[in-house]
Amino acid sequence: MTPRFPDGLTVLDGFGQWRDGSGQIRQERSKVLILYVTGDEDLLPAKIDAISAEYERQFNQESVLRVVDRVCVSFS
C-alpha cells in the first residue's frame, strides 16, 4: 500500500459483522485502513480499487467497504 499512498496510512485491527444473503449474521476479524491522500485525486479511485481487489482476492472476501470523505487533518 505504501507505494500507492506514500503520504501516510494507518492500519487498525477490527471485528465486523454483516447479514449474509441467507439472513445469517456472520462475524470475522477485519482490518480498517485509514489513508492520508494529497495530490492528484483523479488517480484515487483506481488506487483504492486496486487495493480492494487485492484484499478481496488474498483474503477470499465477497466485498470491501469503502468510505471516501474530505477532512481537515493536522499533526501537532
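Refer to the preceding data block for the structure.
## Brief notes about helix 1 (residues 44–58)
Phase 1 of the analysis: In this model helix 1 runs 21 Å from its N-terminal to its C-terminal C-alpha over 15 residues, within 8% of the 21 Å that 1.5 Å per residue would give.
Phase 2 of the analysis: Those residues of helix 1 not exposed but buried are L44, I48, I51 and S52. Down the axis of helix 1, the sector holding all buried residues measures 100°, keeping them to one side. Exposed side of helix 1, more than 90 degrees from the buried face: A46, R57 and Q58 are the residues found there.
Phase 3 of the analysis: Its buried side turned inward, helix 1 meets strand 2 (25–35).
Phase 4 of the analysis: Directly after helix 1, the chain includes N60, whose backbone phi takes a positive value near 55°.

## Considering the packing of aromatic side chains
Phase 1 of the analysis: On inspection of all chains with the given rule, the structure shows 2 aromatic pairs.
Phase 2 of the analysis: Ring centres of Y36 and F75 lie 6.4 Å apart, and the angle between their planes is 90°; this geometry places the pair in the edge-to-face category. With Y36 in the loop between strand 2 and helix 1 and F75 in the segment after helix 1, this residue pair connects regions lying 39 residues apart in the sequence.
Phase 3 of the analysis: Taking relative accessible area as the criterion, Y36 reaches 33% and is therefore assigned partly exposed.
Phase 4 of the analysis: In this structure F75 comes out as exposed when scored by relative accessible area, which is 73%.
Phase 5 of the analysis: Sitting above the plane of the F5 ring, K47 keeps its charged end 5.7 Å from the centroid.

Calculation rules
Residues numbered from 1 in each chain as written. Predicted model: local features only at pLDDT ≥ 70, side-chain atom pairs only at ≥ 80, totals over all residues. Heavy atoms only, no water. Helix = DSSP H or I, 4+ residues; strand = E, 2+ residues; numbered from the N terminus. Expected span 1.5 Å × (residues − 1). Buried < 20%, exposed > 50% of the residue type's maximum accessible area, 1.4 Å probe, protein only. Arc of directions from axis to C-beta. Contact = heavy atoms within 4.5 Å. Phe/Tyr/Trp six-rings, centres within 6.5 Å; stacked < 30°, edge-to-face > 60°. Lys NZ or Arg CZ within 6 Å of the ring centre and 35° of its normal.

In short, geometric facts, not functional conclusions.
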